[in-house]
Amino acid sequence: MTERCCVPANSPRAQTSLAALGIALVLLTVVTSLGIAIADTAIAGADRTPDERRVAAATADQLVAADGPLAARSNVLNQSRVDNFDRAALERSAPPASEYAVSVELADEEIARSGTVQGGTRISRLVVVEARERRTLTPDLTTTDAVTLPRRSAQATVTIDPPAGTTVWTVRANDRVVLHNRSGLHGSYEVPLVPYETTELRFQRAGRLEPGNVTIGYDAPRSTKETLVVTVDA
């Protein structure tokens, strides 16, 4: 008859087994707790991300729209509007910015922010930033009657100071008469231009014009490609 052998409860082997079992239970509890915490965090993040993405995309689209607070036209931003953009302008143009933490960056520089953004969802848009700088042109009209201005100039200031014996009575912008006085033009005049075409200003005159008798001031555009980034942290 076979005898069964059992390990006494107070033996070293039994005590070691109980200790190992206790450690295993503790580790199982810790792992389970961590798993639940990670799952809860993932679920919370999944619930939050669609709202962040929706708000970020809507805000970015509004900022680059033709009627947006920054745009000169669709996807083209006016540098002076960018310079004046702040939190109040952001919340006016994108009402969700008063409820969420929103950051707006252009060319890696933050231009407006509402709330504290620590993470969140980022939406990017490629844009052109257009700035204007004032230029003055003094054309040599001794051998020609015309001078050409670049495209995207919306307005020019034409100053006419003819010498004695010379009369300038008409100025044309391409085929349009923009200034006319049969007795003679003298002084500074604001001339509207078509910004989407190259403009040739032609001077109808009698007599000679020297360099400096006509000066033309205009705003010349300067464009750079940049990235607009909107970050929303719910």
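Everything discussed here concerns the structure shown above.
Residues numbered from 1 in each chain as written. Predicted model: local features only at pLDDT ≥ 70, side-chain atom pairs only at ≥ 80, totals over all residues. Heavy atoms only, no water.

Asker: Would you take a moment to explain the overall build of the chain for this structure?
Answerer: Along the chain, the regular secondary structure elements total three helices and twelve strands. When burial is assessed residue by residue, the chain has 32% of its 234 residues classed as buried. Counting only contacts in the chain whose residues sit at least 6 apart along the sequence, the fraction spanning at least 24 positions is 73%. (Helix = DSSP H or I, 4+ residues; strand = E, 2+ residues; numbered from the N terminus. Buried < 20%, exposed > 50% of the residue type's maximum accessible area, 1.4 Å probe, protein only. Contact = heavy atoms within 4.5 Å.)

Asker: Can you walk me through the pairing of strand S9 (residues 176-180) in this structure?
Answerer: On a regular strand, each side chain points to the face opposite its neighbour's, so the side chains alternate between the two faces of the sheet. Note: strand S8 (residues 167-173) against S9, four bridges, orientation antiparallel. Pairing of Val-171 across the sheet is with Leu-179, part of S9. In this antiparallel pair of consecutive strands, S8 and S9, the connection spans two residues, and Asn-174 shows a positive phi of 55°. (Pairing = 2+ DSSP bridges.)

Asker: Please clarify how the pairing of strand S11 (residues 199-206) should be interpreted in this entry.
Answerer: The pairing of strand S6 (residues 146-149) with S11 spans four bridges and is classified as antiparallel. In the strand pairing of S11, Thr-148 is matched with Glu-200.

Asker: Any chance you could explain the nonpolar core here in plain terms?
Answerer: Nonpolar side chains in soluble globular proteins tend to be buried together. Core analysis: the largest hydrophobic core is formed by 27 residues, its most contacted members being Leu-77, Phe-85, Leu-90, Val-102, Val-104, Leu-106 and Val-230. Looking at this core, the elements that each hand over two or more residues are helix H1 (12-64), helix H3 (87-93), strand S3 (101-106), strand S4 (109-114), strand S5 (121-137) and strand S12 (214-233). Ranked by residue count, the leading element in this core is H1, at six residues. The contact partners of Val-230, leaving out residues within four places of it in the chain, are Ala-56, Thr-59, Ala-60, Leu-63, Val-102, Ser-103, Val-104, Thr-121, Arg-122 and Ile-123. In terms of nonpolar packing, the next biggest core, distinct from the first, is built from 21 residues, Ala-173, Val-191, Leu-201 and Val-214 among them. (Core = buried A, V, L, I, M, F, W, Y, C linked by side-chain atoms within 4.5 Å.)

Asker: Honestly, the packing of aromatic side chains in this entry has me stumped. Any pointers?
Answerer: Each aromatic ring pair is characterised by the separation of its centres together with the angle its planes make. Going through the model one piece at a time under the given rule, you end up with zero aromatic pairs. Lying across the ring of Trp-169, Arg-182 places its NZ or CZ 4.5 Å from the centre. (Phe/Tyr/Trp six-rings, centres within 6.5 Å; stacked < 30°, edge-to-face > 60°. Lys NZ or Arg CZ within 6 Å of the ring centre and 35° of its normal.)

Asker: Explain the sheet that holds S9 to me, please; I cannot follow it from the model alone.
Answerer: Within a beta sheet, neighbouring strands are joined by backbone hydrogen bonds and run either parallel or antiparallel to one another. Spatially, the four strands line up as an open sheet ordered S6-S11-S8-S9, and their pairing is antiparallel. At either end of the open sheet lies a strand with only one pairing partner, and these are S6 and S9. This sheet shows a mean twist of 25° between the axes of neighbouring strands, independent of strand direction. Sheet topology places S8 next to S11; six bridges connect them, and they run antiparallel. Note on S11: the bridge partner recorded for Arg-172 is Arg-202. (Axes fitted to C-alpha atoms, helices over the stretch in contact; angles between N-to-C directions.)

Asker: In this structure, what is going on with the side chain of Thr-157? I would like to understand it.
Answerer: With respect to the element layout, Thr-157 can be found in strand S7 (residues 155-160). Judged by its relative accessible area of 17%, Thr-157 falls in the buried class. A distance of 2.9 Å separates polar atoms of two side chains, one belonging to Thr-157 and the other to Glu-190. When residues no more than four places from it in sequence are discounted, the contact partners of Thr-157 are Arg-134, Ser-188, Tyr-189, Glu-190, Thr-215, Ile-216 and Gly-217. (Polar contact = N/O pair within 3.5 Å; in protein donor to acceptor, adjacent residues only side chain to side chain.)

Asker: So what exactly am I meant to see when it comes to the side chain of Ser-153 here?
Answerer: Along the chain, the position of Ser-153 falls in the loop between S6 and S7. Taking relative accessible area as the criterion, Ser-153 reaches 1% and is therefore assigned buried. At 3.4 Å, the side chain of Ser-153 forms a polar contact with the backbone oxygen of Asp-219. Excluding residues within four positions of it along the chain, Ser-153 makes contact with Arg-132, Leu-193, Val-194, Pro-195, Tyr-218 and Asp-219.

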